[in-house]
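Examining the three-dimensional arrangement
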Amino acid sequence: MWSNATVVRGEDGLVLVDPGIDGAELNELADELVRLDVPVVAGLSTHLHWDHLLWHDRFGDVPRFAMPASVEAVGAARERAQAMAAESASGIPLELIGHLTPLPADGGPVPGEVMEHEAHAIGHAALLLADRGVLIAGDMLSDVLIPFLDPRRPGQLAAYEGALDLLADACGHVEVLIPGHGATATGPEVAARLAADRAYLDALRQGVEPADPRLEQEWLAGPHRANVDLASS
């Protein structure tokens, strides 16, 4: 997987968004944070899939925030998430997976605007840093990840379309898009990501096979596809 971890500097310190994915990478990230010499004050999980629930004790014992809907669901999903992490990566502190706290209404130490929607996973969130021209999109708007819909939750196609409308408004205020997986997008590529996901959903609504090059990614047959099951565990 091409996974992205993002470090956001807030007024009180650093917020780690979806740190991971391999244990060695978590250690390398911790080394980088030591060099920054700025304290970690919080984590933020964009959603409850296992690869977005990771942590390392070197990051500190700080709140790890998520949307309340994700926090409510993660308890029942934690054991499965630990099993998937053990199968898919190495060196991950399994006991630290998924210990989440509901994000306070005022955002707490998390800067910017947290945008919640119901596409891809329960309580999925994106983080808009409008003053910096950056959108951290979680598992949306990727150049390698197709739109994943959960067939066991009703109205997912409409929910995904609504989420793209929400993110489209946010994209009008940014120059940089950071997806959970795949390359960062800048400038016109941000709009191209939105168009690609809309075209994929349009094909699904019409009942035709999407003509999308992302479907050729071999890794989609691997562990990440199982995250669809975890979304509604």
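Up top you'll find the structure we're talking about.
Residues numbered from 1 in each chain as written. Predicted model: local features only at pLDDT ≥ 70, side-chain atom pairs only at ≥ 80, totals over all residues. Heavy atoms only, no water.

Overall, mixed pairing links the five strands, which are arranged β1-β2-β3-β4-β5 in an open sheet. Two strands lie at the open edges of the sheet, namely β1 (6–9) and β5 (101–102), each paired on one side alone. Inspection of the sheet shows strand β2 (residues 14–17) paired to strand β3 (residues 40–44) by four bridges, in the parallel sense. Following the sheet pairing, Leu 14 is matched in β3 by Val 40. (Pairing = 2+ DSSP bridges. Helix = DSSP H or I, 4+ residues; strand = E, 2+ residues; numbered from the N terminus.)

As a further point, take the side chain of Asp 212. Considering the arrangement of structural elements, one finds Asp 212 in the loop between α4 (188–206) and α5 (227–231). Among the polar contacts made by the side chain of Asp 212, one reaches the side chain of Arg 214 at a distance of 2.7 Å. Once you skip the residues sitting within four places of it in the chain, Asp 212 turns out to touch Ala 196 and Tyr 200. (Polar contact = N/O pair within 3.5 Å; in protein donor to acceptor, adjacent residues only side chain to side chain. Contact = heavy atoms within 4.5 Å.)

Most often, soluble globular proteins keep nonpolar side chains buried together rather than apart. Residues Leu 135, Met 140, Leu 141, Leu 164 and Leu 177 are the most contacted members of the largest nonpolar core, which totals 25 residues. Counting only elements with at least two residues in this core, the list comes to β7 (124–129), α3 (156–171) and α4. At seven residues, α3 tops the list of elements feeding residues into this core. Each residue touching Met 140, except ones within four places of it in the same chain, is listed here: His 117, Ala 119, His 120, His 124, Tyr 160, Ala 163, Leu 164, Leu 167 and Pro 179. (Core = buried A, V, L, I, M, F, W, Y, C linked by side-chain atoms within 4.5 Å. Buried < 20%, exposed > 50% of the residue type's maximum accessible area, 1.4 Å probe, protein only.)

By secondary structure assignment, the location of Arg 153 is in the loop between β8 (134–136) and α3. According to the relative accessible area criterion, Arg 153 is buried, its value standing at 15%. Separated by 2.6 Å, the side chains of Arg 153 and Glu 118 make a polar contact.

Okay, the pairing of β7 next. Of all six residues in β7, six are buried; the element is thus mostly enclosed. Strand direction decides the pairing type here: strand β6 (residues 113–117) and β7, joined by five bridges, are antiparallel. Considered in β7, the bridge of Val 114 is made with Leu 127. If you look at the hairpin formed by β6 and β7, you'll find six residues sitting between the two strands, and His 120 has a positive phi there, around 70°. Relative to β8, β7 runs antiparallel, the two being bridged by three bridges. Looking at the pairing, Leu 127 lines up with Ile 136 of β8.

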